[in-house]
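Residue-level structure breakdown
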Amino acid sequence: MQINIEIINYSKIEDAKKIVSLNEKIIVPDMMLRRRLTRNARIALYLTDQIGAWDVPIVIGNAYGEVAETFDILRAIAAGETVSPTAFQNSVHNTPASYLSIVGKNKGYITTVSDLYETSHAVLRVGAVKSLSHEKLLLIVSDSLDFERVDELNNCGVNIMECGVAILIRQTDKEATITLTQKSYPGYSPSIWPILELLDQAAALGEKEKIIAIEI
């Protein structure tokens, strides 16, 4: 089965270590809530705000989950210390979805998918299926890998430690204008390569329609 989706709008942000400007104080005025946000949640909130898609269904993908919070939990256990309740609460993959729902007061469909290096493809497939029953959807893929002692584990050539991409889509019957070629993006996690190529091709099309066929 093939479903064609059109890219209406998109946004991207990245940093080699940690993204500095995510407008948290503006997007989340509540200081106590803001302090609890994970890095992936901050990235997702920023991208949603950039596109202005607070009231549409959302599909979020992250390959590694909340690694900083997970590391804190493991470090505490290893040291015989009490595990932080906030770290425990924030250690699951759907943490960004939860904060998007709370901050944006979004009562619609929000889900999280994770499939390691296939995460971008998984987000596109889920988004394509959901586009059949929703007028518009926001798809977000992000990963934040900057945590204590990450250099001891990072032997995969990843040097862009934080990156997030969001695309606003809708289903269309028009022919595809974008074909992914499995392009590599050295320095980025392979989980985000397909969505980066999708953005590059969309940008190259300029004002032309940006449509991709998704195989389900």
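Conventions and cut-offs
Residues numbered from 1 in each chain as written. Predicted model: local features only at pLDDT ≥ 70, side-chain atom pairs only at ≥ 80, totals over all residues. Heavy atoms only, no water. Helix = DSSP H or I, 4+ residues; strand = E, 2+ residues; numbered from the N terminus. Buried < 20%, exposed > 50% of the residue type's maximum accessible area, 1.4 Å probe, protein only. Contact = heavy atoms within 4.5 Å. Axes fitted to C-alpha atoms, helices over the stretch in contact; angles between N-to-C directions. Nonpolar A, V, L, I, M, F, W, Y, C, P; charged D, E, K, R; others polar. Expected span 1.5 Å × (residues − 1). Salt bridge = Lys/Arg side-chain N within 4 Å of Asp/Glu carboxyl O. Pairing = 2+ DSSP bridges.

Phi at K105 takes a positive value of approximately 50°, unusual for a residue other than glycine. If you trace the backbone, K105 turns up in the loop between α6 (95-104) and β3 (110-113). Taking the relative accessible area as the measure of exposure, K105 reaches 68% and is therefore exposed. Even without a glycine there, the phi angle at Q182 is positive, about 60°. Position of Q182 among the secondary structure elements: in the loop between β5 (162-171) and α8 (193-204).

What follows concerns the environment of I5. Among the structural elements, I5 can be located in strand β1 (residues 2-15). The spatial distance from the C-alpha of I5 to the C-alpha of D173 is 8.1 Å, given a sequence separation of 168 residues. When near neighbours in sequence (up to four residues on either side) are disregarded, I5 contacts L124, A128, S131, I169, R170, Q171, T172, K210, I211, I212 and I214.

A separate point is the packing of helix α7 (residues 119-130) against α8. The geometry of α7 relative to α8 is characterised by a closest axis approach of 6 Å and an angle of 65° between their N-to-C directions. Together, S120, H121 and L124 of α7 and P194, I195 and L198 of α8 make up the contact between the two elements. Class assignment of the residues belonging to the contact of α7 with α8 gives a composition of four nonpolar, two polar and no charged.

Attention now goes to α8. For α8, with twelve residues, the first-to-last C-alpha span of 17 Å sits near the 16 Å given by 1.5 Å per residue. The set of residues buried in α8 consists of P194, I195, L196, E197, L198, L199 and A202. Buried residues along α8 sit against β1, α7, β4 (137-144), β5 and β6 (211-215). Among the residues trailing α8, G206 stands out with phi positive, at a value near 60°.

A word on the pattern of salt bridges. Under the defined criterion, the tally for this structure stands at seven salt bridges. Here R39 makes a salt bridge to E162, at a shortest N to O gap of 2.8 Å. Of this pair, R39 sits in helix α3 (residues 39-51) while E162 sits in strand β5, and the two are 123 residues apart along the sequence. Neither R39 nor E162 differs from the other in exposure class; each is buried.

Attention now moves to the sheet that holds β4. Hydrogen bonding along the main chain pairs the strands of a sheet, whether they run parallel or antiparallel. With respect to topology, six strands assemble into an open sheet ordered β3-β2-β4-β5-β1-β6, the strand pairing being mixed. Edge strands, defined here as strands with exactly one partner in the open sheet, are β3 and β6. Along the sheet, successive strands turn relative to each other by an average axial angle of 30°, direction set aside. Pairing analysis gives four bridges linking strand β2 (residues 58-61) to β3, with the strands arranged parallel. Within the sheet, the bridge partner assigned to V59 lies in β3 and is T111. Here α7 sits on the sheet and contacts β1, β2, β3, β4, β5 and β6; the angle it forms with β4, its principal contact strand, is near 165°. In the packing of α8 onto the sheet, contacts are made with β1, β4, β5 and β6, and the angle to β1 comes to roughly 100°.

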